[in-house]
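# Structural characterization, general
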Amino acid sequence: MTIEDLMKGGKLRPITRWGTPVMHAPTRPITVFDAELHEIVRDMFATMEAAPGVGLAATQIGLDISLFVFNCTDADDHYQYGAVCNPIIDMPAGKDRTFESAEEGCLSLPGGFAPLARPTLATCTGVDPWGEPITVEATGLLARCVQHETDHLNGTVFADRLSGRVRRSLYAEHEKTAHLYPADWPVVPKLDSAT
């Protein structure tokens, strides 16, 4: 079995919203790499694709386990995809560390976006769904993605990294379209804004 096998055949799960306790607490490390975990990975890929998004943490489907999936481009516009259990992020320090400010959003706060500066390079290490070591050398959007998803697994949402003023603006933007996202979205699709 390969990661490509786990990217198909999953069922949609509702996306958990900010404010739910699981979204704001550190997760448990994964120690068992079995068929049950593989089904969770399948469901996460299906849910992420349906939303659509570029990354999804287990907390975003209500599970307090240290796992995220991703499918997004790097700085060279190459698609990278995978699943990382028990991730650890390492970033350059000092003069080797550069930041880029870009609009960031979260499937668990649908419709809200805010600028956030993050390092442009990140190395994410962990294990894959079979317990084998994995390293993701991330640049561009992928670097932002692995940082965002690892934050989720540590109980941090990206609003926690914003100033109070920007955070208020983010929540106001989310509120304008929140009514379009059913409680069990994306199991039930987003409503048309004309309705």
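Presented here is an overview of the structure given in this document.

This next bit is on helix α2 (residues 35-50). Between its terminal C-alpha atoms α2 stretches 23 Å, which fits the 22 Å expected from 16 residues at 1.5 Å a residue. Taken together, the buried positions of α2 are L37, H38, I40, V41, R42, D43, M44, F45, A46, T47 and M48. Its buried side turned inward, α2 meets α1 (3-6), β1 (55-57), β2 (67-73) and β3 (79-90).

The end-to-end C-alpha distance of helix α4 (residues 164-177), which contains 14 residues, comes to 21 Å, matching closely the 20 Å that a straight helix rising 1.5 Å per residue would cover. Buried residues of α4: V166, L170 and H174, and no others. In an axial view of α4, the angular spread of the buried residues amounts to 80 degrees, which keeps them on one side of the axis. α4 presents R165, R168, E175 and K176 as exposed residues on the side facing more than 90 degrees away from its buried surface.

Once that is clear, we can look at the pairing of β2. Of all 7 residues making up β2, 6 are buried, and the element is well covered by its neighbours. Pairing of β1 with β2 involves 3 bridges; the strand directions are antiparallel. Residue pairing for β2: A57 is matched across the bridge by F68. Strand direction decides the pairing type here: β2 and β3, joined by 7 bridges, are antiparallel.

A volume near 410 Å³ is recorded for the largest pocket. Taken together, 23 residues form the lining of the largest pocket, with V54, G105, C106, L107 and F113 sitting closest to its centre. For the lining of the largest pocket, the elements supplying multiple residues, two or more each, are β4 (99-105) and α3 (140-153). When residues of the lining of the largest pocket are assigned to their parent elements, the largest contribution, 5 residues, is made by α3. Considered class by class, the residues forming the lining of the largest pocket number 12 nonpolar, 7 polar and 4 charged. In this structure, the second largest pocket occupies an estimated 170 Å³ of space.

Assignment of secondary structure puts H152 in helix α3. With residues near it in sequence (within four places) discarded, H152 still touches W18, M23, A57, T59, Q60, C106 and V157.

It is worth spelling out the side chain of D43 at this point. Looking at the element boundaries, D43 is found in helix α2. Engagement of the side chain of D43 in a polar contact is seen with the backbone nitrogen of K11, the distance being 2.9 Å. Once you skip the residues sitting within four places of it in the chain, D43 turns out to touch G10, K11 and R13.

Attention now goes to the pattern of salt bridges. Under the counting rule described, the total for this entry stands at 9 salt bridges. Across the pair R118 and E104 runs a salt bridge, and its minimum N-O distance is 2.9 Å. Highlighted residues: R118 in strand β5 (residues 113-119) and E104 in strand β4, separated in sequence by 14 residues. Side by side, R118 and E104 carry an identical accessibility label, which is buried. Between D151 and R161 there is a salt bridge, and its shortest N-O distance comes to 2.7 Å. Linking D151 in helix α3 with R161 in the loop between α3 and α4, this pair joins segments that are 10 residues apart in sequence. Accessibility expressed as a relative area gives 46% for R161, which makes it partly exposed.

Attention now goes to the packing of aromatic side chains. The description of two aromatic rings rests on the distance between their centres and on the angle between their planes. For the coordinates displayed, the defined rule picks out 4 aromatic pairs. When the ring of W18 is compared with that of F158, the centres are 5.6 Å apart and the planes differ by 75 degrees; the resulting orientation is edge-to-face. Of this pair, W18 sits in the loop between α1 and α2 while F158 is found in the loop between α3 and α4, placing the two residues 140 residues apart along the sequence. As far as burial versus exposure is concerned, W18 and F158 are alike and both buried. Centroid distance Y181 to W185: 4.9 Å. Interplanar angle 80 degrees. Geometry classified as edge-to-face. Comparing Y181 with W185 shows no difference in burial state: the two are buried. Within the aromatic cluster, the residues linked to one another by ring pairs are W18, F158 and Y171.

Definitions and cut-offs
- The residue numbers shown here count from 1 along each chain, following its written sequence.
- Where totals are concerned, whole chains, interfaces and linings use all residues; where local detail is concerned, this predicted model gives features only for residues with pLDDT of at least 70, and gives and counts side-chain atom pairs only at 80 or more.
- Each side-chain value is derived from all of the structure's non-hydrogen atoms; neither hydrogens nor water enter the calculation.
- A run of H or I in DSSP counts as a helix once it spans at least four residues, and a run of E counts as a strand once it spans at least two, with each numbered from the N terminus.
- Each residue after the first adds 1.5 Å to the expected span of a helix.
- Relative accessibility decides the category of a residue: with a 1.4 Å probe and only protein chains considered, values under 20% of the type maximum give buried, values over 50% give exposed, and everything between is partly exposed.
- Contact between two residues is taken to exist if any of their heavy atoms lie within 4.5 Å; hydrogens are not considered.
- Think of it as the arc spanned by the lines of direction from the helix axis to the C-beta atoms.
- When DSSP finds two or more bridges between a pair of strands, those strands are recorded as paired.
- Think of a 1 Å grid over just the protein atoms. A cavity is a set of points where a 1.4 Å probe fits yet cannot get out, a pocket is an open set with protein on both sides within 12 Å along at least five of seven lines, and lining residues have an atom within 4 Å of a point.
- Grid points are joined across faces, edges and corners, and a volume is the space filled by probe spheres set on the points.
- Classes in brief: Ala, Val, Leu, Ile, Met, Phe, Trp, Tyr, Cys and Pro nonpolar; Asp, Glu, Lys and Arg charged; the others, Gly included, polar.
- The term polar contact refers here to a pair of N or O atoms within 3.5 Å; inside protein, the definition further demands a hydrogen-donor-capable atom paired with an acceptor-capable atom, and it admits residues adjacent in sequence only when both atoms are side-chain atoms.
- Salt bridges are defined as contacts in which a side-chain nitrogen from Lys or Arg sits within 4 Å of a carboxyl oxygen from Asp or Glu.
- Side-chain rings of Phe, Tyr and Trp, where Trp is taken by its six-membered ring, are said to pair if the distance between their centres is within 6.5 Å; with planes under 30 degrees apart they count as stacked, over 60 as edge-to-face, and otherwise as tilted.

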